[in-house]
Protein chains: 2
Amino acid sequence: MTFTQKLYEIQNQKDSLLCIGLDVDLEKIPKFLLTHKNPVLEFNRQIIEATSDLVCAFKPNLAFYEALGEQGLVALRETLKFIPKNIISLGDGKRGDIGNTSERYAKSLFSDFGFDAITVNPYMGSDSVEPFIQSSDRGIFVLTLTSNPGSRDFQRLKVGSKPLYEKVAQATKKWNSNQNIGLVVGATHPKELQRIRRIVPDVPILIPGIGKQGGDLRSAVQYGCAKQGRLAIINASRSIIYASDGTDFAEAARIEAKKMLTEIRTFTKK
Amino acid sequence: MTFTQKLYEIQNQKDSLLCIGLDVDLEKIPKFLLTHKNPVLEFNRQIIEATSDLVCAFKPNLAFYEALGEQGLVALRETLKFIPKNIISLGDGKRGDIGNTSERYAKSLFSDFGFDAITVNPYMGSDSVEPFIQSSDRGIFVLTLTSNPGSRDFQRLKVGSKPLYEKVAQATKKWNSNQNIGLVVGATHPKELQRIRRIVPDVPILIPGIGKQGGDLRSAVQYGCAKQGRLAIINASRSIIYASDGTDFAEAARIEAKKMLTEIRTFTKK
């Protein structure tokens with residue numbers, strides 16, 4: 001089964017497009033966890049346990065784990081073991097380098113950590129992406145039009161009559177012979193999301209930028225889904241995982257996740 | 001002293017533009033080192049000791065350390081302690097993400113590891129770069145025109161009358177109020193290097209791609225140096241560190257490094 005099929009199956013079975021971003025920060029998790037041996041791991045364990053039935057994916061943001069050194073790596077590795085098999089684990093590290101180096105990142109993230117999918121930066125072109133798409137059961141999400149203000153600096157520049165991000169979307173179509181390439185498109189660009197979905201009618205699109213960053217959920221779901229429905233992954237991080245900083249944090253995260261999932265389901269049914 | 005000044009001083013004092021890339025791979029280092037507790041660290045220790053007087057910088061490639069898990073992190077952290085203070089430590093990880101995430105990468109690489117400089121991917125624009133340029137004594141090298149074949153996929157696309165990589169070079173000029181931004185331009189593009197050097201006459205340029213990748217050393221030095229001389233960093237990795245796989249590997253690396261430095265000096269003097 002290809003990565004794209006696997007994602008589709010999971011989303012269908014669970015009727016969920018929701019992904020929870022595990023951007024876990026020692027300064028933001030409940031204080032009472034700090035006495036734990038590995039507070040980040042304990043935080044993740046409880047968040048995952050409380051929300052697993054609601055999501056299609058969990059997305060640890062690698063920077064937050066690297067910032068904790070060796071303890072962060074341990075937390076990340078052990079966190080992945082808590083993620084049930086019928087949920088996509090998505091390593092958000094935005095990697096990309098010359099071939100022999102991307103190979104090393106692929107080894108680390110796919111073979112050692114065991115991520116189902118990762119995010120990849122396309123700036124260095126095809127040979128920097130290739131080592132990540134060798135196994136059809138592991139997926140990548142190529143940065144296309146990101147949710148942040150800086151997306152206008154280069155991604156929106158016009159190349160001939162088309163913006164650079166459309167060129168990126170088009171290139172991924174050529175590379176996608178293993179049916180395991182998706183895109184990252186920020187929810188902060190609803191019109192462009194709609195246009196990009198027309199270019200790639202049947203690949204996964206990871207959509208961050210809901211919540212703190214200001215993206216609109218309805219358009220993310222309606223424009224982001226593939227022709228056959230599904231394949232949009234709606235990510236929320238801080239608004240869910242930091243819903244409470246008390247001992248009820250996992251329960252509060254579940255309530256937020258459930259609220260968001262309910263909304264997503266409303267927008268999925270037309 | 002800004003990062004750019006610091007680099008200039010070091011290159012001047014040592015009369016060296018040479019950077020050795022520490023892309024260290026368990027499969028390529030001499031077999032006899034594998035009995036060591038941390039073979040990669042021992043390899044680096046000996047390479048650094050044998051070549052320190054010849055270089056302006058050492059550039060560990062983060063992917064190679066990440067691929068070794070926790071042991072790789074330890075090797076990287078301890079390797080940095082072996083690098084003398086009058087040599088730039090350059091963390092090659094090509095990071096870049098939304099602001100709050102780039103902040104984490106900056107913390108990890110500059111504060112925790114203590115790198116003097118790192119490489120950064122510009123695709124996500126100004127706010128993804130900003131957290132890396134806060135301290136004027138720490139530098140970044142922004143991917144502009146990379147040495148690999150895939151550099152033609154997006155970097156060379158024409159935006160109006162100019163290629164995208166020139167737009168990136170121009171943007172870094174605007175961002176450079178702390179005098180700590182340099183560029184990455186592959187030696188495999190000599191003409192373009194010359195053109196880029198005219199756009200940014202006085203910033204550092206990191207030039208990989210000599211050796212295995214086919215870049216020409218003479219043009220890298222002559223086109224890469226700034227108006228006032230220096231500020232080109234000529235990187236070589238595999239051709240130096242894997243010069244021998246016997247017990248003489250460090251000595252063999254020194255011989256290769258010295259040979260390259262002598263050539264660089266010939267081309268520096270006109």
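### Digging into the overall build of chain A
Along chain A, the regular secondary structure elements total 11 helices and 10 strands. The C-alpha radius of gyration of chain A comes to 18 Å, within 12% of the 18 Å expected for a compact globule of 270 residues. Taken over the C-alpha atoms alone, chain A extends approximately 55 × 45 × 35 Å along its principal axes. Within chain A, the proportion of its 270 residues that are buried is 56%.

### Description of the interface of chain B and chain A
When the parts of a complex come together, some accessible area is lost, and that lost area is often taken as the interface size. The partner chain A presents 45 residues to the 45 residues of chain B that form the contact. Secondary structure elements with two or more residues in the side of chain B that touches chain A: α3 (62-66), α4 (69-82), α5 (99-112), α6 (126-129), β6 (158-159) and α7 (164-175) of chain B. Examining the composition of the side of chain B that touches chain A, we find that seven residues originate from one element, α5(B), more than from any other. Among the residues making up the side of chain B that touches chain A, the classes are represented as 17 nonpolar, 16 polar and 12 charged.

### Quick notes on the pairing of strand β1 (residues 18-22) of chain A
Side chains on a regular strand alternate between the two faces of the sheet. Residues and elements named next belong to chain A. Most of β1 sits out of view: five of its five residues are buried. In β1, alternate side chains face the same way, and those of L18, I20 and L22 on one face and C19 and G21 on the other are all buried. Relative to strand β10 (residues 232-236), β1 runs parallel, the two being bridged by three bridges. Looking at β10, one finds that L18 is bridged to I234. Bridging between β1 and strand β2 (residues 57-60) involves four bridges; their strand directions are parallel. Looking at the pairing, G21 lines up with K59 of β2. For the crossover that starts at β1, traverses helix α2 (residues 39-51) and ends in the parallel β2, the hand is right-handed.

### Some thoughts on the sheet that holds strand β2 (residues 57-60) of chain B
Residues and elements named next belong to chain B. Strand order in the closed barrel formed by eight strands is β1-β2-β3-β4-β5-β8-β9-β10, and the pairing between neighbours is parallel. Mean inter-strand twist for the sheet, computed between neighbouring axes without regard to direction, equals 30°. Along the sheet, α7 contacts β5 (139-145) and β8 (181-185); its crossing angle with β5, the most-contacted strand, is approximately 160°.

### Considerations on the nonpolar core
With 176 residues, the main nonpolar core has L18(A), I234(A), L18(B) and I234(B) as its most contacted residues. Setting aside anything within four residues of it in sequence, one finds I234(B) in contact with L17(B), L18(B), C19(B), I207(B), I210(B), A220(B), V221(B) and I264(B).

### Details of the pairing of strand β3 (residues 88-95) of chain B
Residues and elements named next belong to chain B. Of all eight residues that make up β3, eight are buried, and the element is covered over most of its length. Because side chains alternate across β3, one face comprises the buried residues I88, L90, D92 and K94, and the other comprises S89, G91, G93 and R95, equally buried. Two strands pair when backbone bridges link them, and β2 and β3 are joined in this way by two bridges, in the parallel orientation. Of the residues in β3, the one forming a bridge with F58 is S89.

### Some remarks on the environment of V221(B)
Residue and element names in this part refer to chain B. Positionally, V221 belongs in helix α9 (residues 217-224). Each C-alpha atom of the pair V221 and F82 lies 28 Å from the other, and the pair is 139 residues apart in sequence. When neighbours within four sequence positions are excluded, V221 is seen to be in contact with L17, A232, I234, I264, F267 and T268.

### As for the sheet that holds β10(A)
All names here are of chain A. Taken in spatial order, the eight strands line up as β1-β2-β3-β4-β5-β8-β9-β10 and close into a barrel, and their pairing is parallel. Neighbour-to-neighbour, the strand axes of this sheet turn through a mean angle of 30°, independent of strand direction. Here strand β4 (residues 117-120) runs beside strand β5 (residues 139-145); their pairing, made up of four bridges, is parallel. Pairing of A117 across the sheet is with G139, part of β5.

### Quick look at the relation of the copies chain B and chain A
When chain B is fitted to chain A, the residual RMSD is 0.0 Å, and the transformation amounts to a turn of 180° plus an axial shift of 0.0 Å. With respect to symmetry, the two chain copies, as superposed, fit the operation of a two-fold axis. No C-alpha of chain B lies nearer the rotation axis than that of V159(B), which sits 2.4 Å from it. Here 100% of the contact residues of chain B are again contact residues in chain A; the copies associate through an equivalent surface.

### Examining helix α11 (residues 249-268) of chain B
Residues and elements named next belong to chain B. With 20 residues, α11 should cover 28 Å at 1.5 Å per step; its first-to-last C-alpha distance of 28 Å lies within 8% of that length. Regarding α11, the residues found buried are F249, A250, A253, R254, E256, A257, M260, L261 and I264. Summarising the axial view, the buried residues of α11 lie within an arc of 170°, below the 170-degree limit, and thus occupy one face. Projecting away from the buried face of α11 at angles above 90 degrees are the exposed residues T262 and T266. Contacts from the buried residues of α11 go to β1 (18-22), α2 (39-51), α9, β10 (232-236) and α10 (238-241).

### A short note on the packing of α2(A) against helix α11 (residues 249-268) of chain A
All names here are of chain A. Between α2 and α11, whose axes approach to 9 Å, the crossing angle comes to 40°. The angle between the axes of α2 and α11 places the two elements in the oblique class. In terms of crossing hand, the pair formed by α2 and α11 is right-handed. Seen from α2, the contacting residues are Q46, I47, E49, A50 and T51; seen from α11, they are A250, E251, A253, R254 and A257. Considered class by class, the residues forming the contact of α2 with α11 number five nonpolar, two polar and three charged.

Rules and cut-offs
Residues numbered from 1 in each chain as written. Chains lettered and ligands numbered in written order. Predicted model: local features only at pLDDT ≥ 70, side-chain atom pairs only at ≥ 80, totals over all residues. Helix = DSSP H or I, 4+ residues; strand = E, 2+ residues; numbered from the N terminus. Rg over C-alpha atoms; globule rule 2.2 N^0.38 Å. Buried ≥ 20, exposed ≤ 12 C-beta atoms within 10 Å, placed from the backbone. Contact = placed C-beta atoms within 7 Å. Nonpolar A, V, L, I, M, F, W, Y, C, P; charged D, E, K, R; others polar. Pairing = 2+ DSSP bridges. Right-handed = clockwise from strand over helix to strand, strands pointing away. Axes fitted to C-alpha atoms, helices over the stretch in contact; angles between N-to-C directions. Core = buried A, V, L, I, M, F, W, Y, C linked by C-beta atoms within 7 Å. Least-squares fit on C-alpha atoms with pLDDT ≥ 70 in both. Expected span 1.5 Å × (residues − 1). Arc of directions from axis to C-beta. Parallel < 35°, antiparallel > 145°, perpendicular 65-115°, else oblique. Left-handed = near helix turned anticlockwise from the far one by under 90°.

From the geometry alone we can't say anything about function, so treat these as descriptive.
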